[in-house]
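One-letter residues, chain by chain:
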Amino acid sequence: MQVGQTQTLGAAARAPVVVHDSPGRLRLRTPLLGLPSIDVDRLAYKLRATPGVNAARINPDAFSVIFTYAGRPETRARALTSIEALSHTNLPQKVQGDD
């Protein structure tokens, strides 16, 4: 994809993939996390607000997010759901001039 070019990803391409899963730590990958227009700090803040999540760290170069949590299955499910719910329409966007 060229700089400045917008690409629409289909639902299957956006679906998160579990890269690593252990009690209290979940790493997911989805191409949406690598879009250059998203504000990763604002998105991480939003993901950290997921009940039970202690931390959420986004690595846009790896298209991934790592959640840490107390190990409860319902928190893991909420973290996964928060990523599954992401789309082009609800991702926080960088403000012009932010870099």
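You'll find the structure just up there.
A quick note: this is a predicted structure, and the numbers were derived from the prediction, not measured.

Q: Help me out: how do you make sense of the pattern of salt bridges in this one?
A: A side chain of one charge can pair with a side chain of the opposite charge when the charged atoms of the two come close. Applying the stated criterion across every chain, the model contains three salt bridges. The residue R42 makes a salt bridge to D39 at a minimum N-O spacing of 3.9 Å. R42 gets classed as partly exposed once you look at its relative accessible area, which sits at 44%.

Q: Looking at this structure, I do not really get the pairing of strand β2 (residues 25–29). What am I missing?
A: In regular strands, side chains alternate between the two faces of the sheet. Only one face of β2 is buried, namely the one carrying L26 and L28, since none of R25, R27 and R29 on the opposite face is buried. Sheet topology note: the strand β1 (residues 17–22)/β2 ladder contains five bridges and is antiparallel. Bridged to V18 within β2 is L28. Hairpin geometry of β1 and β2 is characterised by an intervening segment of two residues between the two adjacent antiparallel strands and by a positive phi of about 90 degrees at G24. By the bridge criterion, five bridges tie β2 to strand β4 (residues 64–69) in an arrangement that is antiparallel. Each bridged residue has a counterpart across the sheet, and for R29 the counterpart in β4 is S64.

Reading the values: the criteria
- Residues numbered from 1 in each chain as written.
- Predicted model: local features only at pLDDT ≥ 70, side-chain atom pairs only at ≥ 80, totals over all residues.
- Heavy atoms only, no water.
- Salt bridge = Lys/Arg side-chain N within 4 Å of Asp/Glu carboxyl O.
- Buried < 20%, exposed > 50% of the residue type's maximum accessible area, 1.4 Å probe, protein only.
- Helix = DSSP H or I, 4+ residues; strand = E, 2+ residues; numbered from the N terminus.
- Pairing = 2+ DSSP bridges.

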